[in-house]
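# Inside the fold
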Amino acid sequence: MKILSIETSCDDTGITIFEAKGGINSASFKVLADELASQTVHEAYGGVFPMLAKREHLKNLPILLEKALKKAKLVNKAGSPDIDLITVTHGPGLEPALWTGITFAKELAKKWGVPVEPVNHMEGHILSVFGKTKGQFQIKKPKTPALALLVSGGHTELILMKDWMEYKIIGETLDDAVGEAFDKVARMLGLPYPGGPHISRLAEAKRENDAKVFRGRNFSAEKFTQSSNRRSAESPKNLASFSLPRPMIYSKDFNFSYSGLKTSVLYLIRDLEKSGKKIDDKIKSEIALEFENAAIECLTHKVKKAIEKYEIKTLILGGGVSANKHLQRELKKMVRKDLAKQKVELLMPTLELSRDNSVMIGIAGYLNYLKRVKKGKKIKPEIIKAVGNLRLE
Ligand code: KG4
Ligand code: ZN
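Quantities reported herein were computed from a predicted structural model and do not represent experimental measurements. (Residues numbered from 1 in each chain as written. Chains lettered and ligands numbered in written order. Predicted model: local features only at pLDDT ≥ 70, side-chain atom pairs only at ≥ 80, totals over all residues. Heavy atoms only, no water.)

With 92% of its residues at a pLDDT of 70 or more, the protein has an overall mean of 92. Contacts for the low-pLDDT stretch residues 220–239, under 50 throughout, to residues beyond four places or in other chains number 34 contacts. (pLDDT = per-residue confidence, 0-100. Contact = heavy atoms within 4.5 Å.)

A few words on the site of ligand 1. Near ligand 1, the surroundings consist of 20 residues, among which Gly 153, Asp 183, Gly 196, Gly 320 and Asn 324 are the closest. One nitrogen or oxygen atom from the side chain of His 125 is found 3.5 Å from an oxygen atom belonging to ligand 1. A total of 560 Å² of accessible area belongs to ligand 1 in isolation, and the protein chains cover 86% of it. In this structure the site holding ligand 1 corresponds to the largest pocket. Contributing elements (two or more residues each) for the shell around ligand 1: helix H3 (121–127), helix H4 (178–188) and helix H5 (196–215). Taken together, the residues of the shell around ligand 1 break down into five nonpolar, 12 polar and three charged. (Near = heavy atom within 4 Å. Polar contact = N/O pair within 3.5 Å; in protein donor to acceptor, adjacent residues only side chain to side chain. Areas by Shrake-Rupley, 256 points an atom, 1.4 Å probe, with all protein chains shown as cover. 1 Å grid on protein atoms, 1.4 Å probe; cavity = no way out; pocket = protein on both sides within 12 Å on 5 of 7 lines; lining within 4 Å. Sits in = over half its atoms within 2 Å of the grid points. Helix = DSSP H or I, 4+ residues; strand = E, 2+ residues; numbered from the N terminus. Nonpolar A, V, L, I, M, F, W, Y, C, P; charged D, E, K, R; others polar.)

Another point: the layout of surface pockets. Each pocket or cavity is described by its volume, and for the largest pocket that value is around 1400 Å³. Considering every element that reaches the lining of the largest pocket, the biggest residue donor is H4, with seven residues. (Points joined across faces, edges and corners; volume = space filled by probe spheres on them.)

The next thing to look at is the packing of H5 against helix H9 (residues 281–310). At a minimum axis separation of 8 Å, H5 and H9 run at an interaxial angle of 100°. In terms of orientation, H5 and H9 fall into the roughly perpendicular class. On H9, the residues that touch Ile 199, Ser 200, Leu 202, Ala 203, Glu 204, Lys 206, Arg 207 and Asp 210 of H5 are Lys 284, Ser 285, Glu 286, Ala 288, Leu 289, Phe 291, Glu 292 and Asn 293. Tallied by class, the residues present in the contact of H5 with H9 amount to six nonpolar, three polar and seven charged. (Axes fitted to C-alpha atoms, helices over the stretch in contact; angles between N-to-C directions. Parallel < 35°, antiparallel > 145°, perpendicular 65-115°, else oblique.)

With that settled, consider the sheet that holds strand S3 (residues 28–38). Pairing in this open sheet of six strands is mixed, and the strands run S5-S4-S1-S2-S3-S6 from one edge to the other. Single-partner strands in this sheet number two, and they are strand S5 (116–120) and strand S6 (136–138). Each adjacent strand pair in this sheet contributes to an overall mean axis angle of 30°, direction not counted. Alignment of strand S1 (residues 2–7) against strand S4 (residues 85–91), held across four bridges, turns out to be parallel. From the neighbouring strand, Ile 3 faces S4, where its bridge partner is Leu 85. Docked against the sheet, helix H1 (residues 50–71) engages S1, strand S2 (12–21) and S3, running at close to 30° with respect to S2. Of the strands in this sheet, S1, S2, S4 and S5 touch helix H2 (residues 95–112), which is tilted by about 160° from S4. (Pairing = 2+ DSSP bridges.)

Right under this line is the structure:
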């Protein structure tokens, strides 16, 4: 069947057209067209403005649809293309933004006489690890129990899948999301929005440089003396001269907290400025490195605990922050070395599919549509609505 997939939950407008076939355990997809428009208008404000996002989606959707239909060669004279199903994100996300995609989907469904499958954006991020933006791909049912770490600008969640496509949130952030903390710290350092990739770039460069210094035996132990942090002292790779907290790292649950870490950076910058230090590029990269180490360590520590507790066989990483190189490296190291005996398979999305996209929405939509058909259930497009705080349970 041919699927038109729509994503408008935040500041990316996505439209994908697929040819999909096979059952829930053997689904395969061929991408016929994939269009994504990222809204750059928010950069100037240092965050996403819902009403501005809505305006941009409204502008982008018809343009992207026309482009995608042409690319997929599905435009016919009757004006009703050969589409069998529409999938659309209905939450979580910014409600005004979500509504643009939902209303667009409903109008097309009415015009073309096809069903609409509403999709949970977070399920999309989980299934993004199977997708591609071009060519063909297959969904290989992962070994269960599986664990998903979903990290984005709005979410920091640990999801347990005892069975394929059965979800239970076992941990989440109690305040800010990890991506949000990256963005806010970047703003404090005068870096552009979204700040995650900028912080990460600075941190990687500093990490590499520190490693070179260490390898060159110019490494001076004094550099660690101001660090009260056990991890900094143990790791020769981190020459940061100050340390930041790892909030909730030793809490007995699987929850996270990022607002305190963000505030610690604010106080650190204030104290450095008070002591007459200029927040120059050198200090910025030191802060970026220590912040990234702290933020990622909070994630990996809880992931390891959860893998051990639930005897996890597959670890899935998803969401915008999954593009973070340090996070990817630490998780790879964890499954290969620390948890080698458990033989955990690590699945990560491609860089293109780590961010918001409509490929992942199409995958989740098709699989859920199959489940619905199997149960003999139908969904009336009119009842689909935007749910800003939709949960995956
Ligand atoms: O999933 P996503 O595209 O949108 C949301 O649903 O939020 O995630 C965007 C978030 C932003 O906070 C951005 O700064 C962060 O992902 N991000 C990163 C990196 N690339 C994107 N954070 C850390 N390191 C990165 N390399
Ligand atoms: Zn997302």
